[in-house]
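Chain residues, written in single-letter form:
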Amino acid sequence: MNHPHAPSWYAETADKALAFAPLDGDTRADVAIIGGGYTGLSAALHLAEAGIDVVLIEAEKVGWGASGRNGGQLHSGQRRDQDWLERRLGKPAAHDLWQLAEEAKTLVHQLTEKHGIDAEWRPGLIEAVHKARLVDEERHYVDKLNRDYGYAPAEWIDRRRLAPMIGSDAYFGGRLDRTAGHLHPLKFAQGLAKAAAKAGARIHEQTAAKKLVDGESPVIETLRGRIKAEIVILAGNGLLDGIDQETETRAMPIKNFILTTEPIGAGGPGGLIPGGEAVSDSRFVVYYWRPTPDGRILFGGGETYTRSDPADVAAFVRRHLVKIYPALDKARIDHAWGGTLAVTVNRLPFLRKVRSGVYAASGYSGQGVALAPFGGKIIADAILGDPAKLDAFAALPCPRFPGGKLLRWPALVAGMSWYALRDRL
Ligand SMILES: Cc1cc2nc3c(=O)[nH]c(=O)nc-3n(C[C@H](O)[C@H](O)[C@H](O)COP(=O)(O)OP(=O)(O)OC[C@H]3O[C@@H](n4cnc5c(N)ncnc54)[C@H](O)[C@@H]3O)c2cc1C
């Protein structure tokens, strides 16, 4: 249970029998997709529904990456708030990005409804403020969303009201977002995979791309066959390694860790978080948690920027959990696991056509439950002749990490560790 690839609570509660045969022999396709997370699966689904011949390869299993391991929190907006976006990109672009993020959130519900995916959706997400000096800023932000963005579901909750809502007095208030919320991420990914396969997409698990050879028709090499395609979509996110320099220098893998407690009646009357909302906080290395349908607390906190993993993931995350819930010090930890996400320099996703015949999506920076299925869809739309939404993301600045892929680790570790230290101080 204490290593990053130990079975997660998600793996234990999702469809254990779902499997797709590995690729065996050479094949051709209109579109080939590398990566079976939300981005790749959504692109495959939307393309197959439009009658495109699509093949998707996944090195492990569908949802094995971040899409099947994450906090399950469906946020509003982009990873950067509207103030930041307005300052850096101007008001019109900031409004467009808010609208695109709203569409992304809606798409999740459209997909689950249309394809009958029971992803255990529960509405409500609280962005909790961990420093008194941040309260004014957050209150202003709620007003701004209400006033400038016409977004009524955001409400400021003061400290006195918040404490019983989350079962902790560690926070100074928070923003309740009623159309954000949480879901079972692996059930969602598996549902997308089943829908894509039903629509005609060919999915192959246990099939890693070893090399991408550019050309008029790009070729993907795997150990057991080559795929020749008109178009390739790189949807490997933080796990794409050694396939495409252009993409990999823009997005940096980071490991983040989660645990679940034993069932403690959370999310229901008399338990912690009786309203069932998800919570995430204002730390740079965010704490995020939520009750599960079987009454556990699923808590994410702590990340690493080096290639080595914590020796004991449960102990690593528990240190953070007890800062918010000291009484859970003695609670049994039933699952603990890790996953790899990808961040960009400015936390806006890298979503674009990188060159003729090759599209890439990466670096949703912790906001991919909403944005990655949307990223897959808008790449599919672009391939089908409607590039407007992809163009909006492609126009966003997305600098390379200083020093490129080889040197990005030391630079990032120095930068991130400083901010993580600031959280602790
Ligand atoms: C611990 C954790 C918590 C998170 N919490 C949240 C949250 O609460 N809310 C939120 O919005 N976001 C969260 N995120 C981020 C979110 O999960 C991601 O942004 C999103 O899942 C990205 O989807 P994706 O399809 O782009 O990538 P992934 O889901 O990572 O999928 C990429 C897939 O590509 C495959 N692959 C890579 N290289 C190859 C290759 N060469 N050949 C074949 N296959 C390959 C991998 O095996 C993997 O399955 C979290 C991430 C982590 C790790």
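Residues numbered from 1 in each chain as written. Predicted model: local features only at pLDDT ≥ 70, side-chain atom pairs only at ≥ 80, totals over all residues. Heavy atoms only, no water.

Chemist: Would you mind showing me how to read the environment of Lys194 here?
Modeler: Mapped onto the elements, Lys194 comes out in helix α7 (residues 185-198). Among the residues examined, Lys194 registers a relative accessible area of 40% and is labelled partly exposed. Expressed as a C-alpha distance, the spacing of Lys194 and His182, which sit twelve residues apart in the sequence, is 21 Å. Excluding its chain neighbours within four sequence positions, the residues that come into contact with Lys194 are Asp15 and Leu18. (Helix = DSSP H or I, 4+ residues; strand = E, 2+ residues; numbered from the N terminus. Buried < 20%, exposed > 50% of the residue type's maximum accessible area, 1.4 Å probe, protein only. Contact = heavy atoms within 4.5 Å.)

Chemist: What is the right way to look at the pairing of strand β11 (residues 252-261) in this model?
Modeler: Regular strands place their side chains on alternate faces of the sheet. By the criterion of burial, β11 is predominantly enclosed, with nine of the ten residues buried. Bridging between β11 and strand β15 (residues 333-343) involves ten bridges; their strand directions are antiparallel. Residue pairing for β15: Phe257 is matched across the bridge by Gly338. Where β11 lies against strand β14 (residues 297-304), five bridges are found, and the strand directions are antiparallel. (Pairing = 2+ DSSP bridges.)

Chemist: Help me understand the packing of aromatic side chains, please; the structure alone is not making it clear to me.
Modeler: One pair of aromatic rings is described through two measures. These are the centre distance and the angle between the planes. Inspection of every chain in the model, using the stated rule, returns ten aromatic pairs. Measuring from centroid to centroid gives 5.7 Å for Trp9 and Tyr10, while their planes differ by 65°, and the two rings are edge-to-face. When its relative accessible area of 4% is taken as the criterion, Trp9 is described as buried. Aromatic pair Tyr287 and Phe299: ring centres 5.6 Å apart, planes at 55°, arrangement tilted. Here Tyr287, found in the loop between β12 (278-281) and β13 (288-291), pairs with Phe299, found in strand β14; they are twelve residues apart in sequence, far enough to count as distant. Judged by relative accessible area, which is 3%, Tyr287 ranks as buried. Each member of the aromatic cluster is reached from another via a ring pair, and the members are Tyr171, Tyr287, Trp289, Phe299 and Tyr325. Across the ring face of Trp64, the terminal group of Arg69 is positioned such that the distance to the ring centre comes to 4.9 Å. For Arg159, the ring lying beneath its charged end belongs to Phe172, and the centroid distance is 4.3 Å. (Phe/Tyr/Trp six-rings, centres within 6.5 Å; stacked < 30°, edge-to-face > 60°. Lys NZ or Arg CZ within 6 Å of the ring centre and 35° of its normal.)

Chemist: Whenever I open this one, the pattern of salt bridges confuses me. Can you help?
Modeler: Two side chains carrying opposite charge are able to pair once their charged atoms lie near each other. All chains considered together, the criterion is met by 28 salt bridges. Residue Arg178 is joined to Glu155 by a salt bridge in which the shortest nitrogen-to-oxygen separation is 2.7 Å. Remark: Glu155 occurs in strand β5 (residues 154-158) and Arg178 occurs in strand β6 (residues 173-182); sequence separation between them is 23 residues. Two residues, Asp214 and Arg355, come together in a salt bridge whose shortest N-O distance is 2.5 Å. Residue Asp214 is found in the loop between β8 (209-213) and β9 (219-222), and its partner Arg355 is found in strand β16 (residues 350-355); the two are separated by 141 residues along the sequence. Judged by relative accessible area, which is 26%, Arg355 ranks as partly exposed. Through salt bridges with shared partners, a single ionic network connects Asp83, Glu86, Lys144, Arg147 and Asp148. (Salt bridge = Lys/Arg side-chain N within 4 Å of Asp/Glu carboxyl O.)

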